Amino acid sequence: MRFPRRRFLSDSLLSLGATLLDALTIPIWKWNSSLILQTKSAPNSTSSSPVTFVDVAREAGLTTPNVWGGVEHKRLIVEAKGSGLAFFDYDNDGWLDIYLSNGSRLDTHWPPGTAPTTQLYKNNRDGTFSTVTEKSGIGRTGWQTGVCVGDFDNDGWDDLFCCFWGHNILFRNNGDGTFTDVTRKAGVYDERVRWGAGCTWLDYDRDGHLDLFVCNYIHLDPAKTPGPGEGLSCQWKGIPVMCGPRGLPGDTNVLFHNNGDGTFSDVSEKAGILKPGPRYSITAVSYDFDNDGWPDIFVAVDSEPSILFHNNHDGTFTDVAEMSGCAYNENGHEQAGMGVAVGDYDCDGWLDIFKTNFADDTSNLYHNNGDGTFTDEAFVSGVGINNQYVAWGCGFIDYDNDGWPDLMQVNGHVYPELDTHSIGQTFKNRRLVYKNLGTGKFKDVSLELGPGISERFSSRGAAFGDYDNDGDTDALILNMNDLPSLLRNDGGNAQNWIKIKLIGTKCNRTAIGARVRVVTGAHTQIDEVHSGGSVMSQSDLRLHFGLGRTLKADVIEVKWPTTQKVERFTEVKANQILTIREGAGIVKAYAPKSK
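Residues numbered from 1 in each chain as written. Predicted model: local features only at pLDDT ≥ 70, side-chain atom pairs only at ≥ 80, totals over all residues. Heavy atoms only, no water.

1. Observations concerning the packing of aromatic side chains
Centre distance and the angle of the planes are the two values used to describe a pair of aromatic rings. Here is the rule: Note on aromatic contacts: the rings of Phe and Tyr and the six-membered ring of Trp form a pair at centre separations within 6.5 Å, being stacked when their planes are under 30 degrees apart, edge-to-face when over 60 apart, and tilted otherwise. Segments assigned H or I by DSSP are reported as helices when at least four residues long, segments assigned E as strands when at least two residues long, and all are numbered from the N terminus. Each residue is assigned to one of three classes by its accessible area relative to the maximum for its type, calculated with a 1.4 Å probe on protein chains only: buried under 20%, partly exposed between the two thresholds, exposed over 50%. The criterion is that NZ of a Lys, or CZ of an Arg, lies within 6 Å of the ring centre and within 35 degrees of the ring normal, and then a charge sits over that ring.
Under the criterion given, the structure shown has 22 aromatic pairs. Look at Trp68 and Trp143: their rings are 5.2 Å apart centre to centre, the planes differ by 85°, and that puts the pair in the edge-to-face class. Remark: Trp143 occurs in strand β6 (residues 143-150) and Trp68 occurs in the loop between α3 (57-60) and α4 (78-81); sequence separation between them is 75 residues. Here the aromatic rings of Phe161 and Trp201 are separated by 6.4 Å at their centres, their planes lie at 85°, and the arrangement is edge-to-face. Here Trp201 lies in strand β10 (residues 194-202) and Phe161 lies in strand β7 (residues 159-166), a separation of 40 residues in the sequence. Take Phe161 and Trp201: they sit in the same class, and that class is buried. Here the aromatic residues Phe152, Phe161, Trp201 and Phe264 are joined through ring pairs into a cluster of three or more. In this structure, Arg184 packs its charged tip against the face of Tyr189, placed 3.8 Å from the ring centre.

2. Side note on the nonpolar core
The line we're drawing: Buried residues of nine kinds, namely Ala, Val, Leu, Ile, Met, Phe, Trp, Tyr and Cys, make up a nonpolar core once their side-chain atoms join them within 4.5 Å. Whether two residues touch is decided by their heavy atoms; if any such pair falls within 4.5 Å, the residues are in contact.
In terms of nonpolar packing, the biggest core is built from 64 residues, with Phe213, Leu255 and Phe358 touching the most fellow members. If near-sequence neighbours (up to four positions away) are discounted, Phe358 is found in contact with Trp236, Ala336, Met338, Tyr389, Val390, His413, Val414 and Tyr415. In terms of nonpolar packing, the next biggest core, distinct from the first, is built from 54 residues, Phe171, Cys199, Val254 and Leu547 among them.

3. A look at the state of the cysteines
Operational definition: We call a pair of cysteine sulfur atoms a disulfide when they lie within 2.5 Å.
Enumeration according to the criterion identifies two disulfides in this entry. One disulfide bridge connects Cys148 with Cys199, the sulfur atoms lying 2.4 Å from each other. Taking the sign of the S-S torsion, about -125° here, the bridge from Cys148 to Cys199 comes out left-handed. On the criterion of sequence distance, the pair formed by Cys148 in strand β6 and Cys199 in strand β10 is long-range, its members being 51 residues apart. Judged by its relative accessible area of 0%, Cys148 falls in the buried class. Classification of Cys199 by relative accessible area gives buried; the value is 2%.

4. A few points about the domain arrangement of the chain
Our working definition: Segmentation of the chain into domains, including their bounds, is taken from an automatic or database domain assignment. In short, buried area is how much 1.4 Å probe accessible area vanishes from two parts on joining, totalled over both. Salt bridges are counted wherever a side-chain nitrogen of Lys or Arg sits within 4 Å of a carboxyl oxygen of Asp or Glu.
Partitioning the chain into structural domains gives domain 1 (52-498) and domain 2 (499-590). Using only C-alpha atoms to locate each centre, domain 1 and domain 2 end up separated by 23 Å. Counting from both sides, the interface comprises 70 residues of domain 1 and, opposite them, 49 residues of domain 2. Summing both partners gives a buried area of about 4,300 Å² for domain 1 against domain 2, and 52% of it is carried by carbon and sulfur. Looking at the side of domain 1 facing domain 2, the largest losses of area belong to Asn496, Trp497 and Ile498, adding up to 22% of the total buried there. Our count for the domain 1 to domain 2 interface comes out at one salt bridge. Measuring nitrogen to oxygen at the nearest pair gives 3.4 Å for the salt bridge that ties Asp466 to Lys499.

5. Some remarks on the layout of surface pockets
Worth spelling out the cut-off: Cavities and pockets were defined on a 1 Å grid built over protein atoms only: a cavity is a set of grid points that admits a 1.4 Å probe from which the probe cannot escape, a pocket is an open set flanked by protein on both sides within 12 Å along at least five of seven lines, and lining residues are those with an atom within 4 Å of any such point. Grid points are joined across faces, edges and corners, and a volume is the space filled by probe spheres set on the points. Gly falls in the polar group here, along with every residue not listed as nonpolar (Ala, Val, Leu, Ile, Met, Phe, Trp, Tyr, Cys, Pro) or charged (Asp, Glu, Lys, Arg).
Put simply, the largest pocket is a space of about 620 Å³. The set of elements that each furnish at least two residues to the lining of the largest pocket consists of β31 (496-503), β37 (576-581) and β38 (585-590). Across the lining of the largest pocket, the residue classes tally to 11 nonpolar, six polar and 10 charged. Per-domain counts for the lining of the largest pocket show at least three residues from each of domain 1 (52-498) and domain 2 (499-590).

Here you go:
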């Protein structure tokens, strides 16, 4: 049974205290400050969780700082939005490597050799990374925003698409540690200056070749953009700030069809992608939300309704977000959508959507009802208790391997100017983790999980994956104008797990769109191989399932996206990284030496 927000609030006055009671009884025009909902904790409380996250970025060799606009002031909105990053195995050695985006500063002329560039770090398999940026040929200077990974030419090596405020780049992986810019050759170059944001690879027509969906955010012309405080959308709570997105022209999204010969065709109009019109789109993901075997597309949109493109099976899409219940919050209000995570949090066989939003609002948890509709369960589930943060990267991660996907969310405000005002919010914020209780409810355990969660940054992108192959999920976080965070999960592998890498043969080689079902006793989990997500970021393409105390998976089923055929494996031993090739079964099994 589900309850509306009003029922939740009436039942929660005692537990949430006087702040909420005041908010409900005092007229809004008499408020002296923002309403901040947050959990209370005992002072000087210590961690009671067997799992902690520790930031080991410096020890791991991630020493390149992010450079993104002004530090104390932001003149244009591009300086505030930030960017994503990626966990991906570019050299196919079975260990996650790291790609870091980077930006610039307005009106800055960099001396030769000093301009910030994007970075590629190779995993040394010992907990450290080495920069291979120069050797790989992947380093670029500019406002590099979003990233997504997929093998577009089916040569067995994952390629990289990078979005920019400027011109996007498609990097082809040459398979020898180097990458080649094939943007023009592949037909995905745009002569116009556009603000590409998130992107996702998908095979929307199931022909075995990955297509590409690209979000575009704003048509930003610095010469025509008012300065801080000069327009209606250039103030926030009385503080003069950079303008936008409201008041600035939005842009349309793009769908490229893979022609199967290394080139793409823009099918945005033909496929119905242009019908919603210009939007402030930030992050896109592709999953089969209605279990019909065809990949759909969800787009988090800033300050406007979200988009859910339903795949019509004929090369076209229809935006069904409003009728499905995931365009707005439960009260019918549009929100400033930033990041997206997808997972089956209640293990009912239908994929749900978590979306992060701006400050003074809560994140959404759209429960998939299995009938083409969603219900926003943010308050009922317990993830609607924090509204003081501008929330960005997010992911469903089973951090303690108990078989129930938890949630991690990273935060950071967009206005550094607010630190000089007493409004109850700060530019740098801690992270949030919600533990899945297995009952449709979550508990905020952020203060129990160690310094990696409690440390404060103005974060943007986040990627999730097991970089040290020890059987638990770690996190890679981009911190604006700071070093990245590499949060090592310590203790998550105390319980059992299984990790699965899929290789397509009849479907795309990356196996994007393949669905895996893992059964342990009466408990069933599902997930899909996916590209993009979080905020403009790419997580581990391998699928990770916690098994709790169970020593084996009773059943593992893989449903391949092109043929829709299912391969089934039984009595699979826990604590292994399996490689499954379409049509050939389990071709490799790697078990870490110690848990």
